[in-house]
Amino acid sequence: MYKKIILWSFGVFASLSLLFLLYVIFIVKISPVNTNKDNSIEVSGIIDDLYVGGVKDLVFKLKKDKNIYYINRALENGFDLDEIKNELLGKEIILWYAHNRFRNGGHMTQLKYQDSIYYTEWQKPLASKN
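Computed from a predicted structure; not experimentally measured.

**Q** Report on the pairing of strand β2 (residues 57–62), specifying residues and quantitative values.
**A** The buried count for β2 comes to five of six residues, which makes it a mostly enclosed element. As paired elements, strand β1 (residues 40–53) and β2 share six bridges and run antiparallel to each other. Each residue of the ladder has a partner; that of Gly-53, found in β2, is Asp-57. Once β1 ends, the chain turns through three residues before running back antiparallel as β2, passing Gly-54 with a positive phi of about 60°. Joining the antiparallel neighbours β2 and strand β3 (residues 68–71) is a turn of five residues, in which Lys-64 adopts a positive phi near 60°.

**Q** So what about the pattern of salt bridges? Which residues, and what values?
**A** Taken as a whole and judged by the stated rule, the model has one salt bridge. Residue Glu-76 pairs with Arg-73 through a salt bridge whose shortest N-O separation is 3.3 Å. For Arg-73, a relative accessible area of 33% corresponds to the partly exposed category.

**Q** Lay out a nonpolar patch on the surface in plain terms, naming residues and giving numbers.
**A** Taken together, the side chains of Trp-8, Val-12, Leu-16, Leu-18, Leu-19, Leu-21 and Leu-22 make up a nonpolar region of the molecular surface, amounting to roughly 710 Å² of accessible area. Within the secondary structure layout, Val-12 lies in helix α1 (residues 2–28). Under the relative-accessibility criterion, Val-12 is labelled partly exposed at 32%.

**Q** I'd like a description of the nonpolar core, backed by residues and values.
**A** In a soluble, globular protein the nonpolar side chains are often hidden away together inside. Grouped together as the largest cluster of nonpolar side chains are 19 residues, with contacts concentrated most on Phe-60, Tyr-69, Ile-71, Ile-93, Leu-95 and Leu-111. At the level of elements, β1, β2, β3, α2 (81–88), β4 (92–98) and β5 (106–113) are the ones that each hand at least two residues to this core. Excluding residues within four positions of it along the chain, Tyr-69 makes contact with Val-43, Leu-58, Val-59, Phe-60, Leu-62, Leu-95, Tyr-97, Gly-105, Gly-106 and Met-108.

**Q** So, the pairing of β4: which residues are in play, and what are the values?
**A** The buried fraction of β4 is high, at six of seven residues. As paired elements, β1 and β4 share seven bridges and run antiparallel to each other. Pairing of Ser-44 across the sheet is with Ile-94, part of β4.

What counts as what
- Residues numbered from 1 in each chain as written.
- Predicted model: local features only at pLDDT ≥ 70, side-chain atom pairs only at ≥ 80, totals over all residues.
- Heavy atoms only, no water.
- Buried < 20%, exposed > 50% of the residue type's maximum accessible area, 1.4 Å probe, protein only.
- Helix = DSSP H or I, 4+ residues; strand = E, 2+ residues; numbered from the N terminus.
- Pairing = 2+ DSSP bridges.
- Salt bridge = Lys/Arg side-chain N within 4 Å of Asp/Glu carboxyl O.
- Patch = residues over 30% accessible without salt bridge, like charges linked within 9 Å, V, L, I, M, F, W, Y side chains within 5 Å.
- Areas by Shrake-Rupley, 256 points an atom, 1.4 Å probe, with all protein chains shown as cover.
- Core = buried A, V, L, I, M, F, W, Y, C linked by side-chain atoms within 4.5 Å.
- Contact = heavy atoms within 4.5 Å.

If you want it as structure tokens, here you go:
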């Protein structure tokens, strides 16, 4: 009798766990990134490292910041890793990234260095700090 109850409980728990995992994978992860200005968070810092990640994404690591930021498919869309390293490595930048309720950092929506906007996903870029 107890064995059946334990097996049934385990089956229910396993099924619910599987459903939750599928929800996280397919609903949360695959949902499109909201890249509008109202959903973007501003961060400034000195670029500590630049490298390729994901599918030709340009990944930025800032000093004293545990998060990573990336420009989606940047190397397919005109960015050159060596060129951008020469221009921006060790420089202080301002970037905006799409807010995500599960983590900080991630999909970059705008990148600015001094008076130059290197990248934006917006029709009207933010030219200065808000």
